[in-house]
Amino acid sequence: MKNYVIGSTSNLLEKNVAWSALLKQSSVSFQSYGDISSGLMATNDIGVIIVIFLEDLIQNSLGDYSLIEKSNQAFFSLVEKRMMESDEPIIICLASRALTSAVASARNDTRLKAFHHGLITKLVEIRNTSNSVYFINMDDVFYGRGSDQIFSDRNWYFGRCRLSVDGLAILANSIAEIVHRISNPPRKVLVLDCDNTLWGGVVGEDGLQGLVLGQDGLGQAFVDFQKECLKLSRKGVVLALASKNNEQEVWDVFENHDSMVLKREHIASSKINWHEKALNLEELAAELDLGVGSLVFWDDNPIERSKVKAILPEVLVIEAPKNVIEWPNLINNLDCFSSFEVTTEDVHKVDQYRARAGFVRDSKYVDDTTSYLKSISLKPKIIPICEANLSRAEQMCKKTNQFNIRSKRYTLAELTSQNSDPNVDLFLVQLSDNYGDHGLIALVGIHYAPVNIAFIDTFLMSCRVLGRKLESWILNEALKLAKQRSVEHVLVDFIDTGRNSIAKDFLVTHGLSPSNRSNQLLQTVNQKALGKQEGILYELASMSFEIPNLEIYDGT
Amino acid sequence: MELEIVLREILKNTFKNSEIPDDITALCMGDIEEWDSLGNFNLILAVESHCQIQFDMNELETLSSISLLLKAINNALSK
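In what follows, the accompanying structure is described.

Contact with chain B, which involves 16 residues of that partner, is made by 13 residues of chain A. Counting the surface lost from both chain B and chain A, the interface buries some 1,300 Å², and carbon and sulfur atoms represent 66% of this. The largest share of the area that chain B buries against chain A comes from Phe41(B), Asn42(B) and Met57(B), three residues that together contribute 39% of it. Inspection of the chain B/chain A interface yields 2 salt bridges. One salt bridge connects Arg154(A) with Glu48(B), and the closest N-O pair in it is separated by 2.3 Å. There are 4 residue pairs in polar contact (both at pLDDT 80 or more) connecting chain B and chain A.

We now examine helix α1 (residues 2–14) of chain B. Residues and elements named next belong to chain B. Relative to the 18 Å expected for 13 residues at 1.5 Å per residue, α1 spans 19 Å between its end C-alpha atoms, a close match to the ideal helical length. Within the span of α1, buried status applies to Leu-3, Leu-7, Arg-8, Ile-10, Leu-11 and Thr-14. Viewed end-on, α1 has its buried residues packed into an arc of 160 degrees, placing them on one side of the element. Counted as exposed and oriented over 90 degrees from the buried face of α1: Glu-2 and Ile-5.

Attention now goes to the environment of Lys374(A). Residues and elements named next belong to chain A. Mapping Lys-374 onto the fold places it in helix α17 (residues 369–375). Separated by 180 residues in the primary sequence, Lys-374 and Asp-554 place their C-alpha atoms 8.6 Å from one another. In contact with Lys-374, other than residues within four places in its own chain, are Glu-551 and Ile-552.

What follows concerns the sheet that holds strand β1 (residues 2–8) of chain A. Residues and elements named next belong to chain A. The strand order across the open sheet formed by 5 strands is β2-β1-β3-β4-β5, and the pairing between neighbours is parallel. With one partner strand each, in any of the chains shown, β2 (26–30) and β5 (133–137) form the two edges of the open sheet. Strand after strand, the sheet turns through a mean of 20 degrees between neighbouring axes, direction not considered. As paired elements, β1 and β2 share 5 bridges and run parallel to each other. What sits directly across from Ile-6, in β2, is Phe-30. Here helix α5 (residues 110–129) sits on the sheet and contacts β4 (90–95) and β5; the angle it forms with β5, its principal contact strand, is near 150 degrees. Contacts between helix α9 (residues 165–183) and the sheet are confined to β1, β2, β3 (47–53), β4 and β5, with β4 contributing the most and set at about 155 degrees to the helix.

All names here are of chain B. The N-to-C vectors of α1 and helix α4 (residues 66–78) enclose an angle of 120 degrees; their axes lie 11 Å apart at closest approach. Looking at the two axes, α1 sits oblique to α4. The way α1 lies across α4 gives a crossing that is right-handed. Mapping the contact onto sequence places Leu-3, Glu-4, Leu-7 and Leu-11 in α1 and Ile-66, Leu-69, Leu-70, Ile-73 and Asn-74 in α4.

Attention now moves to the side chain of Asn16(A). Here Asn16(A) is to be found in the loop between β1 and α1 (20–25). Judged by its relative accessible area of 6%, Asn16(A) falls in the buried class. At 2.7 Å, the side chain of Asn16(A) and the side chain of Asn42(B) are in polar contact.

A few words now on the sheet that holds strand β10 (residues 316–317) of chain A. All names here are of chain A. The 5 strands lie next to each other as β8-β7-β6-β9-β10, forming an open sheet whose pairing is parallel. With one partner strand each, in any of the chains shown, β8 (267–272) and β10 form the two edges of the open sheet. Here 4 bridges tie strand β6 (residues 189–192) to strand β9 (residues 295–298), and the two strands are oriented parallel to one another. Bridging across to β9, Leu-192 finds its partner in Trp-298.

Another point: α9(A). Here α9(A) is 19 residues long and its end C-alpha atoms lie 27 Å apart, about the 27 Å a rise of 1.5 Å per residue gives. Among the residues of α9(A), those classed as buried are Gly167(A), Leu168(A), Ile170(A), Leu171(A), Ala172(A), Ser174(A), Ile175(A), Ala176(A), Ile178(A), Val179(A) and Arg181(A).

Attention shifts here to the packing of helix α3 (residues 66–85) of chain A against α5(A). All names here are of chain A. It is the contact of α3 with α5, at a shortest axis distance of 11 Å, that shows an interaxial angle of 10 degrees. Taken together, the axes of α3 and α5 are roughly parallel relative to one another. Mapping the contact onto sequence places Ile-68, Glu-69, Asn-72, Phe-76, Val-79, Glu-80 and Met-83 in α3 and Phe-115, Leu-119, Lys-122, Leu-123, Ile-126 and Thr-129 in α5. Tallied by class, the residues present in the contact of α3 with α5 amount to 8 nonpolar, 2 polar and 3 charged.

What follows covers the side chain of Asn500(A). All names here are of chain A. As for its position among the elements, Asn-500 is in the loop between β16 (489–494) and α21 (501–509). By relative accessible area, Asn-500 is classed as buried at 0%. In terms of polar contacts, Asn-500 uses its side chain to reach the backbone amide nitrogen of Thr-497, at 3.0 Å. Contact partners of Asn-500, with chain neighbours within four places excluded, come to Asn-401, Gln-402, Asn-404, Ile-405, Ser-407, Phe-494 and Ile-495.

Turning our eyes to something else, we now look at the pairing of β1(A). Residues and elements named next belong to chain A. Counting buried positions along β1 yields 5 of 7 residues, so the element is predominantly enclosed. Regarding topology, α1 serves as the crossover connection from β1 to the parallel β2, and that connection is right-handed. Sheet analysis places β1 next to β3, joined by 5 bridges and oriented parallel. What sits directly across from Ile-6, in β3, is Ile-49.

We now examine the environment of Leu466(A). Along the chain, Leu466(A) turns up in the loop between β15 (453–461) and α20 (470–484). With relative accessibility at 12%, the residue Leu466(A) sits in the buried group.

Cut-offs applied
- Residues numbered from 1 in each chain as written.
- Chains lettered and ligands numbered in written order.
- Predicted model: local features only at pLDDT ≥ 70, side-chain atom pairs only at ≥ 80, totals over all residues.
- Heavy atoms only, no water.
- Contact = heavy atoms within 4.5 Å.
- Buried area = accessible area lost by both parts, 1.4 Å probe.
- Salt bridge = Lys/Arg side-chain N within 4 Å of Asp/Glu carboxyl O.
- Polar contact = N/O pair within 3.5 Å; in protein donor to acceptor, adjacent residues only side chain to side chain.
- Helix = DSSP H or I, 4+ residues; strand = E, 2+ residues; numbered from the N terminus.
- Expected span 1.5 Å × (residues − 1).
- Buried < 20%, exposed > 50% of the residue type's maximum accessible area, 1.4 Å probe, protein only.
- Arc of directions from axis to C-beta.
- Pairing = 2+ DSSP bridges.
- Axes fitted to C-alpha atoms, helices over the stretch in contact; angles between N-to-C directions.
- Parallel < 35°, antiparallel > 145°, perpendicular 65-115°, else oblique.
- Left-handed = near helix turned anticlockwise from the far one by under 90°.
- Nonpolar A, V, L, I, M, F, W, Y, C, P; charged D, E, K, R; others polar.
- Right-handed = clockwise from strand over helix to strand, strands pointing away.

Structure, rendered in structure tokens:
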């Protein structure tokens, strides 16, 4: 469970039931109210939550904000210092009470407005410079409920709490959602039904022209729903179909109905048949090389929904309201897909998953893997670490579970320092083939110790390019680098996480076996702070070991 | 009487780490470790949400025991 410290300009009523959702997933210690700075000086392994009420900042200013500006400066530099020193999240919430009269709004103290906007601008700026800072403008969240419901004068004067019970619950739940999202990856695939989901009516009965799609009213709602799906796809969400239909009829709609916003090329994978949807969802996930936990299922039919829920509880099943006109807004507000860190990789991901699905489908029909792999023109490339790709390297450290020999979750700062260490070779691998550009999909870190030892500290590869024997090529490239440094012993420390057996199989088939020799080697390794042995030490049989599968990559 | 049962549930919910006696009628603020002034505020807010009532400032400052709380709830509900 993650630790957080929370501080606010006013009383957040520690132990109030409002906090229970947050306390379920993390242990939280409350600072005494009014203290928003000491949390920022907590030890670096703790996340910090800060709740600022504009009214608290200005309550003693009597209209002169210059002094508050100064103390804000001090606060911001604390935030900036912390975000340099700690990789743990810093969540900052800012709330202000809305003006209730039009006259007040028209004649409102413009200095106060400028001060408020300045504060928001600064917080946005800080958030944009760091992956660990989250800024919730609570006004956006409170807006839907109305200021009068959210704030309570009585609670303020009685207990120094700005919020009503409802307001406190909304604040606490917003924080809990952010905390949850930080530690849980977003969903990746939206699986759609077709009839009465993408269009009104049943194509098998009503025919192409009989569908409700694109006209005014309900037909427009389906169009808008499709538009929202397309927007998600552009953000990197993979779209798939699971529909009980005759496949040709569905594609006929995609290709020939003028009002279809979604086109066939937007759909990465589809299961259009009469099988159980749960089975189809499992197959879809396998084809895309994802767990079913990555899927979100949208179907108008409550029976299909409840079956999927019962059989595959990991799938997020959207309880779509009966009334389709509510759908566009509902899908627009789904936050199960939103990822906090949008790397440029995410933008290309849809293409990559589509390529991956194509790859899995075709390889079923080719017996001779080697000649098949040769035929798809695999083009791997070593990419040195630089500022532009560092966050991708960190992302892979965080997310790669299967092909990962040590599963060390290195932070940006750690990777940066490794990269500047003259005794470390750290590099990424990019891969493209006939199925598409897979982007940056592997990370390797070799640490060199005295007496000609290379310690492979990081060797991880994204699961979406598994099955291409790329690991062989990468190992060979790593060995080339090691040979340039006259290395004589190559050591790999395999840490079993229960999920990375595939990486262990790789070691064994590539001349690496558990090392039973020379304590001296071990000691040298252990002296190196970076590459401490924690798992089972494997050693390469000899520097001239013939790495298998390289013929696949002959042309590169 | 029924109100007492409800109130005991709210006490249990608000002071999760404390043992709540079967008979709560004589309890005062301070009798339960978690029932300090912040705890009292949380307790009152929970009562308000549950009973859909709102005490005013003057009442709030006097509510420091179960018997006073019961009286105030009955009073608010009868309004």
